[in-house]
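# Structural characterization, general
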Amino acid sequence: MHIGDQAMQSLFSLCEHYADKIVQPTLVVYGQDAPTAICSTAFIDRLTNDPEVSAFGGFSHVDFYYKPEAVEKSADTVAAFFNK
């Protein structure tokens, strides 16, 4: 588990260091039940551009790839964000 998760942890650690440099409108979508949710919230906490956040309970990170309900919710959220 630790070895398989190491790359994801490193990626989010890099993102956290540059979060305050993001000036574009930002939407963060994540599953509250994902093992990486703590990384998502740490990234969000470091954003300084008033991001929109959609945290979906009952889903993990991988669910957004193949579970119809998770895909639909996240895709609808992203579409609404880009259609503003």
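What you see is a predicted model; the values in this text were computed from it and never measured.

## A closer look at the packing of aromatic side chains
- Summed over the entire model, instances satisfying the criterion amount to 3 aromatic pairs.
- Ring centres of F59 and F64 lie 5.8 Å apart, and the angle between their planes is 55°; on these two criteria the pair is classed as tilted.
- Classification of F59 as buried rests on a relative accessible area of 6%.
- With relative accessibility at 16%, the residue F64 sits in the buried group.
- Consider the rings of F81 and F82, whose centres lie 5.4 Å apart with planes at 80°: the pair is edge-to-face.
- On the basis of relative accessible area, F82 is assigned to the exposed category, the value being 62%.
- Three or more aromatic residues joined by ring pairs form one cluster here, namely F56, F59 and F64.

## Regarding the pattern of salt bridges
- Enumeration over the complete set of coordinates arrives at 4 salt bridges.
- Note that D20 is salt-bridged to K21, the shortest N-O span being 3.7 Å.
- Among the residues examined, D20 registers a relative accessible area of 40% and is labelled partly exposed.
- In this structure, the salt-bridge partner of E52 is K84, at a minimum N-O distance of 2.3 Å. Taken as a pair, E52 in strand β2 (residues 52–56) and K84 in the segment after α4 (68–82) lie far apart in primary sequence, 32 residues in all.
- Of the residues examined, E52 reaches a relative accessible area of 33% and is grouped as partly exposed.

Here is what the cut-offs are and how they apply
- Residues numbered from 1 in each chain as written.
- Predicted model: local features only at pLDDT ≥ 70, side-chain atom pairs only at ≥ 80, totals over all residues.
- Heavy atoms only, no water.
- Phe/Tyr/Trp six-rings, centres within 6.5 Å; stacked < 30°, edge-to-face > 60°.
- Buried < 20%, exposed > 50% of the residue type's maximum accessible area, 1.4 Å probe, protein only.
- Salt bridge = Lys/Arg side-chain N within 4 Å of Asp/Glu carboxyl O.
- Helix = DSSP H or I, 4+ residues; strand = E, 2+ residues; numbered from the N terminus.

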